[in-house]
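# Working through the structure, step by step
Residues per chain, in single letters:
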Amino acid sequence: MPPVVVRRARVGDADALHRLSLDAIASSAVGHYDDRQRAAWAARRTREGHRWLVTATTTFVAVDGEDVAGFASVALHRVGVLQEGEVDQLFVDPRHGGRGVARLLLDAVARAAVAAGLRELVTHASWRAVPVFERAGFRQVAEETVDLDGVVLTRALMRRALGEARTDPLTSSG
């Protein structure tokens, strides 16, 4: 079996990213959010939104053979409502969960952020994703509430410091 490879996303990946995010919300978020919350979250996902994501942010795709196993995006500069260093998306195909795909993606995000001179990453993590981000060096700093068309979801505001002079950008400095 070939290893999972991480590469920059292309606009042609947008449809696969859209499907993957819907699948992940529908199955991986069970136990963290109820049916109504997952439906409201999924309703925000669009193909056009994923095309924008790929063109406006630095987005990485994990590929397992021909399958997109996951994706992650980071704003290396302010983009729309995204702040500099914001990890806006991290989704792993449920069939590829538990195989280190998220870690590979977050490693790529951290390397890109360090190369861009950023000192910190921030994310608004779903409860499903919190342990994944913690394993990658993020720390929860607050609980947030977001209203999705009248449906309330809670999530975690998380931050991760990036060291200045290191050969390993993934080692947290704080």
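Above this note sits the structure.
Predicted, not measured: the structure shown is a model, and the values here were computed from it.

What follows deals with the pattern of salt bridges. A side chain of one charge can pair with a side chain of the opposite charge when the charged atoms of the two come close. Going through the model one piece at a time under the given rule, you end up with 11 salt bridges. Notably, a salt bridge pairs Glu144 with Arg155, separated by 2.9 Å at the nearest N-O pair. Of the two residues, Glu144 is situated in strand E6 (residues 139–148) and Arg155 in strand E7 (residues 151–161); the sequence distance between them amounts to 11 residues. The buried category is assigned to Glu144, whose relative accessible area is 17%.

Quick look at helix H4 (residues 101–115) now. The end-to-end C-alpha distance of H4, which contains 15 residues, comes to 21 Å, matching closely the 21 Å that a straight helix rising 1.5 Å per residue would cover. Listed as buried for H4 are Val101, Ala102, Leu105, Leu106, Asp107, Ala108, Val109, Ala110, Ala112 and Ala113.

Now for the environment of Leu106. In this fold, Leu106 is placed in helix H4. Through-space distance from the C-alpha of Leu106 to that of Ala72 is 7.1 Å; in sequence the pair is 34 residues apart.

Along helix H3 (residues 47–56), the residues that are buried comprise His50, Leu53 and Val54. For H3, the angular spread of buried residues about the axis comes to 95°, placing them on one side. The exposed set on the far side of H3, more than 90 degrees from its buried face, consists of Glu48 and Thr55. Its buried side turned inward, H3 meets helix H1 (14–27), strand E2 (58–64), strand E3 (67–75) and strand E4 (86–92).

About the criteria used
- Residues numbered from 1 in each chain as written.
- Predicted model: local features only at pLDDT ≥ 70, side-chain atom pairs only at ≥ 80, totals over all residues.
- Heavy atoms only, no water.
- Salt bridge = Lys/Arg side-chain N within 4 Å of Asp/Glu carboxyl O.
- Helix = DSSP H or I, 4+ residues; strand = E, 2+ residues; numbered from the N terminus.
- Buried < 20%, exposed > 50% of the residue type's maximum accessible area, 1.4 Å probe, protein only.
- Expected span 1.5 Å × (residues − 1).
- Arc of directions from axis to C-beta.
- Contact = heavy atoms within 4.5 Å.

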